[in-house]
Amino acid sequence: MSLDWQEEMSVGVGELDAHHRQLLRRVRRVASAVASGEPRQIRNALAQIEAYLAVQHAGEEVWMEEAGYPAAKEHARAHAGIVERIRMARADAAAGSEVRLVAAADWLARALESHMRNEDVKLGRFWTARQNLRLLAEKGPGVGASLTPIPGMLGVVSHGEREDDAPGEDAPPPLRTAHPNR
């Protein structure tokens, strides 16, 4: 598992990507604390990430509701599960269970990475598709619009075109994402 930002982690929404970069920095602090073997440092790093997630998740959940994201409730439950696991780990540490603290810190790093690569990418796809529909509606029927590629998708093909068809002189090339290897 890499604790560094990778472009394939992008959800295609600048604000969410900025939060994820900050979150990865905080996860690296947790990993560093675990490597130090100092329970106090691990507890402090977990407290910092818990506080950050409380604010970041609250903002993301409001944003999902306002955008009409259909999986908002499930997404919010996943957020709550991650924060609850952090709370349990901190309680275990206070009771003297350092082994469980280290295991919880490892789980946290993996759970957050998985959440960003899966659930948050779905959210990014929804947002991008929604924005693309808005652009198409504003342009009107029969008028081309420059659409944003949906995160994780290889390309966009216009209605009536096939990828193996040679586009006409006036037709733009198919859109490609910044992630052609996915």
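Above this text you will find the structure in question.
Notes on the structure follow. (Residues numbered from 1 in each chain as written. Predicted model: local features only at pLDDT ≥ 70, side-chain atom pairs only at ≥ 80, totals over all residues. Heavy atoms only, no water.)

1. Here we look at the packing of aromatic side chains
Evaluated as defined, the whole model comprises two aromatic pairs. Taking NZ or CZ as reference, arginine 85 lies 4.4 Å from the ring centre of tryptophan 107, over its face. (Phe/Tyr/Trp six-rings, centres within 6.5 Å; stacked < 30°, edge-to-face > 60°. Lys NZ or Arg CZ within 6 Å of the ring centre and 35° of its normal.)

2. Details of the nonpolar core
In terms of nonpolar packing, the biggest core is built from 24 residues, with Leu23, Leu46, Ile49, Leu53, Ile86, Leu108 and Leu112 touching the most fellow members. Put simply, the parts of the chain that give this core at least two residues each are α1 (14-36), α2 (39-67), α3 (72-94) and α4 (98-117). No other element matches the seven residues that α4 contributes to this core. Aside from chain neighbours lying at most four places away, what touches leucine 23 is Ile49, Tyr52, Leu53, Leu112 and Met116. Judged by nonpolar contacts, the second largest core, of nine residues, contains Val13, Leu16, Ala72 and Leu123. (Core = buried A, V, L, I, M, F, W, Y, C linked by side-chain atoms within 4.5 Å. Buried < 20%, exposed > 50% of the residue type's maximum accessible area, 1.4 Å probe, protein only. Helix = DSSP H or I, 4+ residues; strand = E, 2+ residues; numbered from the N terminus. Contact = heavy atoms within 4.5 Å.)

3. Topic: the side chain of serine 10
Within the secondary structure, serine 10 sits in the segment before α1. Here the side chain of serine 10 touches glycine 12 through a polar contact of 3.1 Å, landing on its backbone nitrogen. Within polar-contact distance, the side chain of serine 10 engages the side chain of aspartate 17 at 2.7 Å. (Polar contact = N/O pair within 3.5 Å; in protein donor to acceptor, adjacent residues only side chain to side chain.)

4. Digging into helix α5 (residues 119-139)
Between its terminal C-alpha atoms α5 stretches 31 Å, which fits the 30 Å expected from 21 residues at 1.5 Å a residue. Among the residues of α5, those classed as buried are Asp120, Val121, Leu123, Gly124, Thr128 and Asn132. (Expected span 1.5 Å × (residues − 1).)

5. Looking at the packing of α3 against α4
It is at 8 Å that the axes of α3 and α4 come closest, and there the two elements cross at 160 degrees. Judged by the angle between their axes, α3 and α4 are roughly antiparallel. Handedness of the crossing formed by α3 with α4: left-handed. Residue-level contacts link His75, Ala78, His79, Gly81, Ile82, Arg85, Ile86, Ala89, Asp92 and Ala93 of α3 to Glu98, Arg100, Leu101, Ala104, Trp107, Leu108, Ala111, Leu112 and His115 of α4. (Axes fitted to C-alpha atoms, helices over the stretch in contact; angles between N-to-C directions. Parallel < 35°, antiparallel > 145°, perpendicular 65-115°, else oblique. Left-handed = near helix turned anticlockwise from the far one by under 90°.)

6. Overview of the packing of α1 against α2
In the contact formed by α1 and α2, the axes pass within 9 Å of each other and the chain directions differ by 165 degrees. With respect to α2, the element α1 is oriented roughly antiparallel. The way α1 lies across α2 gives a crossing that is left-handed. Residue-level contacts link Leu16, His19, Gln22, Leu23, Arg26, Val27, Arg29, Val30, Ala33, Val34 and Ser36 of α1 to Gln41, Ile42, Ala45, Leu46, Gln48, Ile49, Tyr52, Leu53, Gln56, Glu60 and Trp63 of α2. Per-class residue counts for the contact of α1 with α2 are 13 nonpolar, six polar and three charged. (Nonpolar A, V, L, I, M, F, W, Y, C, P; charged D, E, K, R; others polar.)

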